[in-house]
Each structure stands twice: as structure tokens, then as C-alpha cells.
Amino acid sequence: ARAEIAALLAPTVLAGAEVFAVSNLTGQGLDALEQHLLQAQQRQIRSRDEGGFRLAVDRCFSLAGIGTVVTGTAVSGQVAVGERLVVAPRKLPVRVRGLHAQNRESTQGLAGQRLALNLAATGLEKSDINRGDWIVAESAVLSTRRLDTRLRLLASEARDLAHWTPVHLHLGACDVGARVVLLEGPTLAPGRSMWVQLELDRDIAAWHGDRFILRDQSATRTLGGGVVVDPLAVATLRRKPARMAALAAQALPAHDQALNALLALQPALGVDFNAFCTARNLLPAPREALLLAVPHRAVADGSHPRLFAPGQLEAVANSLTEA
């Protein structure tokens, strides 16, 4: 049985996964499986606890005497009764009046848990929140219609994926129509990956590192999937080498590595630090730590600091003087 499992999983992302032999008659092996799952849960909570709170809404309803309730999975961060949050992408402020975690009344909810939040706001109606929306911390609010992503087309596809193909994007609990903009060629071959921009039919909320699935226009067949790299993508110059280099920099796993790599490219308008941190769902303390860790020069652009590589501003000033 172990050999058959290993052979079945070999061509998948689960290749080499730990296998547990259990008996539902005697209970043999169940303790080891339970401990493994508990340890995996703790690792997941620690890895997701750094960012601001995000909950993917899959249901919204009203209860007599209670008001508006949303249910969903907490993807990151934590939340407590009394906290102020925002419904994204529509940027509607709400307050947590009460919550249930894992079907039990609680004072706080954590990443990885199934939560039910009783939300309050002036004039709040059930119709104001829909499946696919997000309930997020104030520091994580964003709205977008374009996503720069790394897409992998399934090897089982019969033909190449063409530019501007209509698809269904599934991200969190959201299902939205989109068009595929191939950034590195006219087609994407089965089993291959490519930088792709997704142009959406409507605004959604998404963040760097979010995983997604694409299905065909009729939503009957899965085409592939990938990860969001830049949730605040722009349509201009999206195929230029400079943009490809910026995407490669943003794809780096560590926040300081990505910011360093972006600054090294010396973009003419610098790096919008607030947008960088919001896209990565960074809380105030990690933002300050990031500024201390990465050498830079900062210029205030209203309330948005723009960061430049050391020496870049001096070079611009010298060129202006020479001109």
C-alpha cells in the first residue's frame, strides 16, 4: 500500500509526503497522526500570525436580535471582539460585536480557524457583504482589477493557453471572470509556467502570495493555478524587460530581499513603500523593521513615502545640474 501511495503521489506536489498507517478498528496509529496534524497546525498558525487579520467570506446572513453575521476561514493574523475591521474590496468599516471560533463562542479568532463574526456598522445590511469579499485589518485594505501572477498550466491540458483567453479566477471564496494577458509569449504550453497578468471583470481584494486557480470560461475544467506576485499591477509597459525584472524581484520570498532587489533596479519614481507593505499585509512593527533593515533614501510624496536606492537621488540631482 505504501508503494502504491508513493507511486500515485510521485508526479504531484505531495511527492514524499509522510504516510501514516492507521486502524479504525483498534485505533493503532491514530495518536501519531493526531500529533502530526497538531504540529502542522501550529506551524501554520505561526507562519500566518505575522500579518494583519484577513478572513475570506463564504457566507453572510442576518439573525434576529443579533444582526449581520459572516462566516469564513481566517487566512492570516488574529481578531478580537471590539476590533475595527474593513470589508474589502469596497472599503466598508465595521466593528466586531461578537465571534465564534470553530463553532464555539470566543473572544478572539486566529489564522487557520473557521470563524463566524457578528459585525456592526451604521446602516449595515446583509446585502453589503457578499461571498468572495474579505474582512481585513485596516492596514491590509486594498482593491484591484489587475493581478500580476506566476501561472502554471496543467500538463493534462490538450492545447496551449492563448493570450486574452477568458477564464474564471478562484481566489479565497471569490469567483470572478478574467482575461489572461501572457507577458512572455503568444501562448503558454501545457505543463509550463509564465508571468501572466489577469484583467478582472470587477474589483476584488488579493494580496502578494495568495494562491489561485483558473478554470475555463464555462467553469467546467481546471486549467491551472499559481500565486499572486503583484496585486496592484498596472497595464502600462507590462511586457518590458524592466517590468519583468521588477516581478522577479517581488517574487523573492523575504520582504527585505524583495525590497532590496526592487531598489537595486532604481525605478525612476522609486518604490511606493505603503503600497509594497499593504500588498504584503505587513503590520506597523514589521514595516518599521523593514525600513531599518534595507538601506535607502526616502522622499515624502504626500502621505506616501517613496524609497530610492542609496546614490540614486544624487545621480538624478547631478544630471539635472548638468542639463
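Going by the structure above, here's the rest.
The rules behind these values
- Residues numbered from 1 in each chain as written.
- Predicted model: local features only at pLDDT ≥ 70, side-chain atom pairs only at ≥ 80, totals over all residues.
- Heavy atoms only, no water.
- Helix = DSSP H or I, 4+ residues; strand = E, 2+ residues; numbered from the N terminus.
- Buried < 20%, exposed > 50% of the residue type's maximum accessible area, 1.4 Å probe, protein only.
- Contact = heavy atoms within 4.5 Å.
- Areas by Shrake-Rupley, 256 points an atom, 1.4 Å probe, with all protein chains shown as cover.
- Polar contact = N/O pair within 3.5 Å; in protein donor to acceptor, adjacent residues only side chain to side chain.
- Phe/Tyr/Trp six-rings, centres within 6.5 Å; stacked < 30°, edge-to-face > 60°.
- Lys NZ or Arg CZ within 6 Å of the ring centre and 35° of its normal.
- Salt bridge = Lys/Arg side-chain N within 4 Å of Asp/Glu carboxyl O.

Peer 1: How would you summarise the overall build of the chain if you had to cite specific residues and measurements?
Peer 2: Of the regular secondary structure elements, the chain holds seven helices and 20 strands. The dimensions of the chain, computed from C-alpha atoms along their principal axes, are 85 × 50 × 40 Å. Counting only residues that meet the buried cut, the chain has 38% of its 323 residues in that class. Long-range pairs, those at least 24 residues apart, make up 62% of the contacts in the chain between residues at least 6 apart in sequence. Total accessible area on the chain stands at roughly 17,600 Å², and carbon and sulfur atoms take up 53% of it.

Peer 1: Please set out the side chain of Asp-210 residue by residue, giving values where relevant.
Peer 2: Note on placement: Asp-210 falls in the loop between strand S15 (193-204) and strand S16 (211-215). Residue Asp-210 is classed as buried on the basis of its relative accessible area, which comes to 8%. Separated by 3.1 Å, the side chains of Asp-210 and Arg-54 make a polar contact. Excluding residues within four positions of it along the chain, Asp-210 makes contact with Arg-54, Leu-171, Gly-226, Val-227 and Val-228.

Peer 1: Please set out the environment of Ala-289 residue by residue, giving values where relevant.
Peer 2: Looking at the secondary structure, you find Ala-289 in helix H6 (residues 284-293). Considering only alpha carbons, one finds Ala-289 and Ile-135, 154 residues apart in sequence, at a separation of 26 Å.

Peer 1: I'd love a proper account of the packing of aromatic side chains, names of residues and values included.
Peer 2: Tallied over the entire structure, the rule returns one aromatic pair. On the basis of an interplanar angle of 70° and a centroid distance of 5.2 Å, the ring pair of Trp-134 and Trp-207 is categorised as edge-to-face. A residue pair is termed long-range when its members are at least 10 positions apart, and Trp-134 in strand S9 (residues 134-136) and Trp-207 in the loop between S15 and S16 qualify at 73 residues. The residues Trp-134 and Trp-207 share a single accessibility class, namely buried. Here the basic side chain of Arg-150 rests over the ring of Trp-195, its NZ or CZ set 4.9 Å away from the ring centre.

Peer 1: Which residues make up the environment of Leu-237, and what values go with them?
Peer 2: With respect to the helices and strands, Leu-237 occurs in the loop between strand S17 (222-230) and helix H3 (241-250). With relative accessibility at 59%, the residue Leu-237 sits in the exposed group.

Peer 1: Pulling in residues and values, what's your account of the side chain of Gln-113?
Peer 2: Position of Gln-113 among the secondary structure elements: in the loop between strand S7 (108-110) and strand S8 (114-120). Given a relative accessible area of 19%, Gln-113 falls into the buried group. A distance of 2.8 Å separates a polar side-chain atom of Gln-113 from the backbone nitrogen of Leu-110. Setting aside chain neighbours within four positions, we find Gln-113 in contact with Gly-72, Thr-73, Ala-74, Ala-101, Gln-102 and Gln-108.

Peer 1: With reference to specific residues and values, describe H3.
Peer 2: Each α-helix winds once per 3.6 residues, and so residues spaced three or four apart point in a common direction. Those residues of H3 not exposed but buried are Arg-243, Met-244, Ala-246, Leu-247, Ala-249 and Gln-250. Buried residues in H3 make contact with strand S10 (144-153), S15, S17 and helix H4 (255-264).

Peer 1: Report on the pattern of salt bridges, specifying residues and quantitative values.
Peer 2: Two side chains with opposite charge may pair up if their charged atoms get near one another. The tally for this structure, following the rule as stated, stands at 13 salt bridges. The partner of Arg-145 in a salt bridge is Asp-203, and the shortest N-O contact between them spans 3.0 Å. Of this pair, Arg-145 sits in strand S10 while Asp-203 sits in strand S15, and the two are 58 residues apart along the sequence.

Peer 1: Summarise unusual backbone geometry; cite the residues concerned and give the values.
Peer 2: Look at the link from Ala-88 to Pro-89: it is a cis peptide, with omega at 15°. Its location among the elements puts Pro-89 in the loop between strand S4 (84-88) and strand S5 (92-101). We note that Ala-219 has phi near 60°; this positive angle belongs to a residue other than glycine. Here Ala-219 shows up in the loop between S16 and S17. Residue Ala-219 is classed as partly exposed on the basis of its relative accessible area of 29%.

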